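The chain contents come next:
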Amino acid sequence: MQKWLLLVLSAIIVFTLAACNSTSSESNSDSGAGKDEKITLRMAWWGSDPRHDYTLEIIELYEKQHPNVKIQPEYASWDDYWKKMAPQATANKLPDIIQMDLSYITQYANNNQLADLKPFFGKEINTEDLSQDFLDGGKIGDKYYGLNGGVNALSYQYDPALLKKIGVDKIPDNWTWDDYIEMAKKAAKEGLYFENGPGTAPDVSFNYYLRTNGKRLYSEEGTALGYDDDKLFVDFFKMYSDLVKEKAIQPPDASAQVKGLEDDPVVKQQSIGLIQWSNQFVGIQEASNRPLEMTNLPGPNADKGLFLKPSLFWSVAESSKHKAEAAKFIDFLTNDIEANKLMLGDRGVPGSPKVQEALLPLLTPSQKQVFNYVAWAGEHSSPYNGPDPTEAGEVINLLKNFADQMAYGVMKPEDAAKQFRQQAESILAQ
């Protein structure tokens with residue numbers, strides 16, 4: 001009898017231990033934590049002091065609603081941020097929630113350092129109000145390595161008073177590159193630049209031009225250039241270098257002297273406008289301290305060239321032990337109205353129309369211009385091509401070097417086109 005009782009007790013103990021081990025294993029899985037389990041998440045982002053301040057407020061708001069979750073903030077300036085990320089990535093100790101940039105997302109994804117967010121869509125991350133284009137911003141291959149923090153669109157931002165000074169009342173939505181050239185020459189006659197010039201970021205404006213012609217800067221695989229006809233390169237950069245010679249757009253040496261918004265030719269009323277992303281409009285408007293306007297870039301086929309670009313991404317580290325909980329906080333950043341009232345579109349125009357509508361009464365006039373322009377661009381644009389290849393930074397530096405040489409007349413666009421293709425495709429094929 002005693003032997004029988006001993007066997008029963010032994011069986012109960014073994015069963016109990018097995019159940020405990022099973023429960024412990026489940027609590028550490030990626031399926032999310034129970035309401036009472038204490039969870040600590042690390043969150044990293046770059047930005048200015050105002051961004052740091054409101055993000056800390058958002059974290060505090062989330063922690064009040066989720067008392068079992070503690071979020072440890074890690075923030076820095078742009079340069080310092082990536083210096084900190086690199087060794088953490090090497091040690092496989094990235095923060096759970098990462099503010100990720102277009103320039104780096106492919107590299108981190110290819111190194112298996114970011115988690116695929118697709119399993120959390122429609123569950124921990126509510127995607128009901130988010131368009132497919134918005135979701136596809138962080139898609140690489142068949143996986144989603146980041147969720148847009150907001151969207152931007154390229155725009156021409158200008159001083160309407162200076163525009164009238166050259167005899168133009170308003171820039172129409174259907175303006176063309178011929179109109180651009182004509183206005184630029186009129187500006188030069190008045191001692192003004194029409195634009196700061198694509199030389200500061202030639203990849204941005206050239207890629208837009210390629211898209212209007214049904215091409216793109218990089219191939220879909222990212223292993224070669226995305227256009228075959230070098231005449232597209234020649235035509236675009238000949239226009240650029242000719243206008244630099246005519247003092248119609250700012251030369252590269254002058255652009256290099258611009259260290260901050262206070263130095264910008266638009267702020268100093270030396271240039272009528274500039275081409276840049278929509279979320280940069282608020283800064284140039286505030287620095288100028290006078291009314292500015294924004295419109296789309298020249299055509300023809302401007303709707304093919306224009307696209308909604310992710311301003312940044314929210315990513316989850318593949319090494320995170322609490323991926324589902326991290327995804328829930330990304331949902332909070334994306335869809336929670338109170339959180340977005342603190343953010344006010346600083347990280348790009350929110351993807352949810354409900355959030356956009358809730359923010360409109362709180363926006364400054366310049367912020368409203370940005371929201372309205374992005375809404376317009378969403379109806380007059382084509383799908384985004386996806387993140388740049390890992391080697392994009394090297395290709396961009398190469399293109400800028402050639403753009404500068406063409407602007408100074410050191411190299412002809414025809415020669416630059418051939419050399420750029422040869423060197424860029426060698427880089428991309430690595």
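Preceding this section is the structure that the text describes.
What counts and what doesn't
Residues numbered from 1 in each chain as written. Predicted model: local features only at pLDDT ≥ 70, side-chain atom pairs only at ≥ 80, totals over all residues. Heavy atoms only, no water. Helix = DSSP H or I, 4+ residues; strand = E, 2+ residues; numbered from the N terminus. Buried < 20%, exposed > 50% of the residue type's maximum accessible area, 1.4 Å probe, protein only. Contact = heavy atoms within 4.5 Å. Areas by Shrake-Rupley, 256 points an atom, 1.4 Å probe, with all protein chains shown as cover. Lys, Arg positive; Asp, Glu negative; His and termini not counted. Charge placed at Lys NZ, Arg CZ, Asp CG, Glu CD. Pairing = 2+ DSSP bridges. Salt bridge = Lys/Arg side-chain N within 4 Å of Asp/Glu carboxyl O. Expected span 1.5 Å × (residues − 1). Arc of directions from axis to C-beta. Axes fitted to C-alpha atoms, helices over the stretch in contact; angles between N-to-C directions.

## Focus on the overall build of the chain
- A count of helices and strands for the chain gives 18 helices and 11 strands.
- Taken along its principal axes, the extent of the C-alpha atoms in the chain is 110 × 50 × 35 Å.
- Taking all 430 residues of the chain together, 51% fall into the buried category.
- Contacts in the chain between residues far apart in sequence, at least 24 positions, make up 73% of those at least 6 positions apart.
- Accessible surface, the chain: about 20,600 Å² in total, of which carbon and sulfur atoms supply 50%.
- Computing the positive centroid from 43 side-chain charges and the negative centroid from 60, the chain places the two 1 Å apart.

## Examining the pairing of strand β3 (residues 97-100)
- What you see with β3 is no split at all: I97 and Q99 on one side and I98 and M100 on the other are buried throughout.
- Relative to β3, strand β1 (residues 39-46) is paired through two bridges, and the arrangement is parallel. Following the sheet pairing, A44 is matched in β3 by I98.
- The sheet contact formed by β3 and strand β11 (residues 309-316) spans four bridges and is antiparallel. Bridged to M100 within β11 is F313.

## Section: helix α8 (residues 202-212)
- Among the 11 residues that make up α8, 10 are buried, leaving the element largely enclosed by the rest of the structure.
- When α8 is considered as a whole, its buried residues turn out to be P202, D203, S205, F206, N207, Y208, Y209, L210, R211 and T212.
- On the buried face of α8, the contacting elements are β7 (154-158), α7 (177-189), α9 (231-245), α12 (302-305) and α17 (392-407).
- Within two residues after α8, G214 carries a phi angle of roughly 80 degrees, on the positive side.

## Quick word on the side chain of N296
- Mapped onto the secondary structure, N296 falls in the loop between β10 (293-295) and α12.
- What makes N296 buried here is its relative accessible area of 3%.

## Examining the pairing of β7
- Among the five residues that make up β7, five are buried, leaving the element largely enclosed by the rest of the structure.
- The alternating pattern of β7 places L154, Y156 and Y158 and S155 and Q157 on opposite faces, both of which are buried.
- Alignment of β7 against strand β9 (residues 271-277), held across five bridges, turns out to be antiparallel. Within the sheet, the bridge partner assigned to Y156 lies in β9 and is I275.

## A look at the pattern of salt bridges
- Per the stated rule, a full pass over the model turns up 13 salt bridges.
- Among the ionic pairs, R290 bridges to D159, the shortest N-O distance being 2.6 Å. With a gap of 131 residues between them, R290 in the loop between α11 (281-288) and β10 and D159 in the loop between β7 and α6 (160-165) connect regions that are remote in the sequence. Comparing R290 with D159 shows no difference in burial state: the two are buried.
- One salt bridge connects D235 with K231, and the closest N-O pair in it is separated by 2.7 Å. You can see D235 and its partner K231 sitting in helix α9, four residues apart, about one turn around the helix.
- Several salt bridges share partner residues, and in doing so they unite D230, R421 and E425 into one network.

## A few points about helix α18 (residues 413-428)
- Here α18 spans 21 Å end to end across 16 residues, near enough to the 22 Å set by a 1.5 Å rise per residue.
- Buried within α18 are the following residues: P413, A416, A417, F420, R421, A424, I427 and L428. Here the buried residues of α18 occupy an arc of 140 degrees about the axis, which is enough to place them on one side. Opposite the buried face of α18, by more than 90 degrees, sit the exposed residues K418 and Q422.

## Structural notes on the sheet that holds β7
- Taking strand neighbours across the sheet as the criterion, the four strands line up as β8-β9-β7-β10 in an open arrangement whose pairing is mixed. Strand pairing shows two members of the sheet lacking a second neighbour, β8 (193-195) and β10, which therefore form its edges. Taking each pair of neighbouring strands and ignoring which way they run, the sheet shows an average axis angle of 25 degrees.
- Docked against the sheet, α7 engages β8 and β9, running at close to 150 degrees with respect to β8.
- Relative to β10, helix α16 (residues 365-379) is tilted by about 10 degrees, and along the sheet it contacts β7 and β10.

Worth remembering: the numbers are spatial, not functional.
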